[in-house]
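# An overview of the molecular structure
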Number of protein chains: 2
Amino acid sequence: MVSVLIVDDQMLVRTGLAALIRATPALEVAGEAADGETAVAMAAAVRPDVVLMDVRMPGLDGITATERILSAGAGPPPKVAILTTYDLDEYVYTALRAGASGFLLKETPPQQLLAAVQVIAAGDMLFAPTVTRRLIEAYATRPGRAASPAALSTLTGRELQVLRLVARALSNADIAAQLSLSEATIKTHLHRLMSKLGLCSRAQAIVYAYESGLVVPASRDDGG
Amino acid sequence: MVSVLIVDDQMLVRTGLAALIRATPALEVAGEAADGETAVAMAAAVRPDVVLMDVRMPGLDGITATERILSAGAGPPPKVAILTTYDLDEYVYTALRAGASGFLLKETPPQQLLAAVQVIAAGDMLFAPTVTRRLIEAYATRPGRAASPAALSTLTGRELQVLRLVARALSNADIAAQLSLSEATIKTHLHRLMSKLGLCSRAQAIVYAYESGLVVPASRDDGG
DNA sequence: CGCCGGTTCCATCGAACGGTGGAGCGGGAA
DNA sequence: TTCCCGCTCCACCGTTCGATGGAACCGGCG
């Protein structure tokens, strides 16, 4: 049973959501809050699985409330799904930084909304199409660099593939599993690519991958 | 009723998916394909709502097949959900460009997988957490890098020093020589810092050093 | 046709690595 | 003073890594 905390300043919206959730066997209403302060307090008190969080609210807004809920140390924090009227670029960015697990539109058909809540409760992240498009654009237009010191171009496709995975700290066994090959094969490719690049250890290979721009650091926050 | 075309080169995977789908009232199996070519042909013939597409296949791979299916002009194209064994950085980018609506892992629990298919059929996009994290990182990594995730500040001076040298691909013996210590001491420091950071290998430590901004690839120095 | 490069796999071996459980030392805080 | 923390070092042991020397398959090319 997934318990849901409903946060919205409009009574009608809360009522509607509550009715939908109560009509769904797998979901239950953990509580309702009409503003951010109450939401933070209730999240700590009732410990819901998912918080459906409106953005625009009097007093403490939904984003700030999300931050506070997720940084409240006691036990595993709930998943927070941001609920907005339309899509809003300005909120997406901060909401994601705040740690939101989803970004849903109030226009979303009920059935879909309920499915979304369950998906989010399960640990996945879910975003409305418009939001996702923005994410993808940001991903696609990422400052990529042509990664080609001459030596890199001497590598075969497989070798390059292995190098990328090595640079993500995978073990030979992991890489073998990922590529559906035997570990022996990975060793061969790794040995050959290290020879070509004049490297003596896996550690050097990882450093090489970063320094050559083959892989690019992307900032990470410790999310747990 | 959402019709699903199953594309995977492994018979067992197809069978498993088909069984799952047949057991779900809201879903039906539109067909099965074992390679990309067949998938493209069948997508055009049976016009499914959703295509569950494996990436690695003999002949035409899943990504290319996705492109072809989505660019086949006749009528509204189906949604394509990429199905992979683990998460794969290299595929995400091209899959998204190809127009995939989802990126799911074969490890995903059945119920969740079926929910995902329906979410995708409804027009939303859905990604496994690891994939989403990547997207968010790309989106959120604009105002410059956070040079020290909280975990880094828990390291002692020596540990930090060792981590920097590890991130330069030095062996334990090298680091010991550099710091005029015994190799045993380096092992201790390394062990402790890996514990603190939740890392399991030297390779992960190197990646962490780059991703956290502790060390920065040469030739890219932005003042942020 | 044979050759070559890319890919896949095997067996073996020593070295490096990582985990564990210690130990002693020194400085600062309680 | 005692206690804790950071630093230094040791021994042991299993796993992973990297090196080596093979072998086989396939596709393209001369």
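Placed above this text is the structure.
Residues numbered from 1 in each chain as written. Chains lettered and ligands numbered in written order. Predicted model: local features only at pLDDT ≥ 70, side-chain atom pairs only at ≥ 80, totals over all residues. Heavy atoms only, no water.

Before going further, it helps to spend a moment on the pattern of salt bridges. Residue and element names in this part refer to chain A. Scanning the model with the defined rule gives 6 salt bridges over all chains in all. A salt bridge links glutamate 159 to arginine 192; the shortest N-O distance between them is 3.6 Å. Residue glutamate 159 is found in helix H7 (residues 157–166), and its partner arginine 192 is found in helix H9 (residues 183–197); the two are separated by 33 residues along the sequence. The exposure class of arginine 192 is partly exposed, given its relative accessible area of 45%. Between glutamate 159 and lysine 196 there is a salt bridge, with the nearest N and O atoms lying 2.9 Å from each other. With glutamate 159 in helix H7 and lysine 196 in helix H9, this residue pair connects regions lying 37 residues apart in the sequence. Under the relative-accessibility criterion, glutamate 159 is labelled buried at 2%. (Salt bridge = Lys/Arg side-chain N within 4 Å of Asp/Glu carboxyl O. Helix = DSSP H or I, 4+ residues; strand = E, 2+ residues; numbered from the N terminus. Buried < 20%, exposed > 50% of the residue type's maximum accessible area, 1.4 Å probe, protein only.)

Membership of the largest hydrophobic core comes to 55 residues, with the highest contact counts inside it found for A:Leu163, A:Leu193, B:Leu163, B:Leu193 and B:Leu197. For this core, the secondary structure elements donating two or more residues are H7, helix H8 (172–179), H9 and helix H10 (202–211) of chain A together with helix H7 (157–166), helix H8 (172–179), helix H9 (183–197) and helix H10 (202–211) of chain B. Among residues more than four places away in sequence, those in contact with A:Leu193 are A:Leu155, A:Glu159, A:Val162 and A:Leu163. Counting 39 residues, the second largest nonpolar core, distinct from the first, contains A:Ile21, B:Leu27, B:Leu114 and B:Val117. (Core = buried A, V, L, I, M, F, W, Y, C linked by side-chain atoms within 4.5 Å. Contact = heavy atoms within 4.5 Å.)

Looking now at the protein's contact with DNA strand D. If you check the shell around DNA strand D, you find 17 residues, and the closest are A:His191, A:Arg202, B:Thr156, B:Arg158 and B:Ser182. The sugar-phosphate backbone supplies 73% of the atoms of DNA strand D found within 4 Å of the protein. The contact in question runs from a phosphate oxygen of DNA strand D to an N or O atom on the backbone of A:Asn172, over 3.4 Å. For DNA strand D, a phosphate oxygen lies 2.7 Å from a polar atom in the side chain of A:His191. Elements represented by at least two residues in the surface near DNA strand D include exactly H9 of chain A together with H7 and H9 of chain B. For the surface near DNA strand D, a count of residues per class yields 4 nonpolar, 10 polar and 3 charged. (Near = heavy atom within 4 Å. Polar contact = N/O pair within 3.5 Å; in protein donor to acceptor, adjacent residues only side chain to side chain. Nonpolar A, V, L, I, M, F, W, Y, C, P; charged D, E, K, R; others polar.)

Okay, the environment of B:Gly36 next. Structurally, the position occupied by B:Gly36 is in helix H2 (residues 36–46). Not counting residues up to four positions away in its chain, the partners in contact with B:Gly36 are B:Met57, B:Leu60 and B:Ala65.

In this section: the protein's contact with DNA strand C. Around DNA strand C sit 17 residues in total, of which A:Thr156, A:Arg158, A:Ser182, A:His189 and B:Arg202 are the nearest. Here the atoms of DNA strand C within 4 Å of the protein split so that 72% fall in sugar or phosphate, with bases taking the remainder. Between DNA strand C and the protein, one listed contact pairs a phosphate oxygen with a side-chain N or O atom of A:Thr185 at 3.0 Å. For the surface near DNA strand C, a count of residues per class yields 4 nonpolar, 10 polar and 3 charged.

Strand order across the open sheet formed by 12 strands is E2(A)-E1(A)-E3(A)-E4(A)-E5(A)-E6(A)-E6(B)-E5(B)-E4(B)-E3(B)-E1(B)-E2(B), with mixed pairing between neighbours. Pairing within the sheet leaves two strands with one partner each, and these edge strands are strand E2 (27–33) of chain A together with strand E2 (27–33) of chain B. Strand-to-strand twist in this sheet, taken as the mean axis angle between neighbours without regard to direction, amounts to 25 degrees. Here strand E1 (residues 2–7) of chain A pairs with E2(A) via 6 bridges, running parallel. (Pairing = 2+ DSSP bridges. Axes fitted to C-alpha atoms, helices over the stretch in contact; angles between N-to-C directions.)

Residues and elements named next belong to chain A. With respect to the helices and strands, the residue leucine 104 is situated in strand E5 (residues 102–105). Classification of leucine 104 by relative accessible area gives buried; the value is 4%. Between the C-alpha atom of leucine 104 and that of alanine 116, which follows or precedes it by 12 residues, the distance is 8.3 Å. In this structure, leucine 104 is in contact with Leu52, Ala81, Ile82, Leu83, Thr84, Leu113, Ala116, Ile120 and Leu126, ignoring residues within four places of it in sequence.

Here the focus is the packing of H7(B) against H9(B). All names here are of chain B. Where H7 contacts H9, the two axes come as close as 9 Å, and the packing angle between them is 95 degrees. Here H7 is positioned roughly perpendicular relative to H9, judged by the angle of their axes. Taking contact as the criterion, the partners of Arg158, Glu159, Val162, Leu163 and Val166 in H7 are, on H9, Ile186, His189, Leu190, Arg192, Leu193, Lys196 and Leu197. Across the contact of H7 with H9, the residue classes tally to 7 nonpolar, 1 polar and 4 charged. (Parallel < 35°, antiparallel > 145°, perpendicular 65-115°, else oblique.)

In this section: the pairing of strand E4 (residues 79–84) of chain A. Within a regular strand, the side chains alternate between the two sheet faces. Residues and elements named next belong to chain A. The buried fraction of E4 is high, at 5 of 6 residues. Where strand E3 (residues 50–54) and E4 come together, 5 bridges link them in parallel fashion. Each bridged residue has a counterpart across the sheet, and for valine 51 the counterpart in E4 is valine 80. Pairing of E4 with E5, which is carried by 4 bridges, proceeds in the parallel orientation. Directly across from alanine 81, in E5, lies its bridge partner glycine 102.

Moving on: helix H3 (residues 62–71) of chain B. All names here are of chain B. Turning to H3, its buried residues are Gly62, Ile63, Ala65, Thr66 and Ile69. One face of H3 carries all of its buried residues, which in axial projection span an arc of 160 degrees. For H3, the side-chain oxygen to backbone nitrogen distance between the N-cap and isoleucine 63 is 3.1 Å, and the N-cap itself is aspartate 61. (Arc of directions from axis to C-beta.)

These results come straight from atomic positions and should not be treated as a statement about function.
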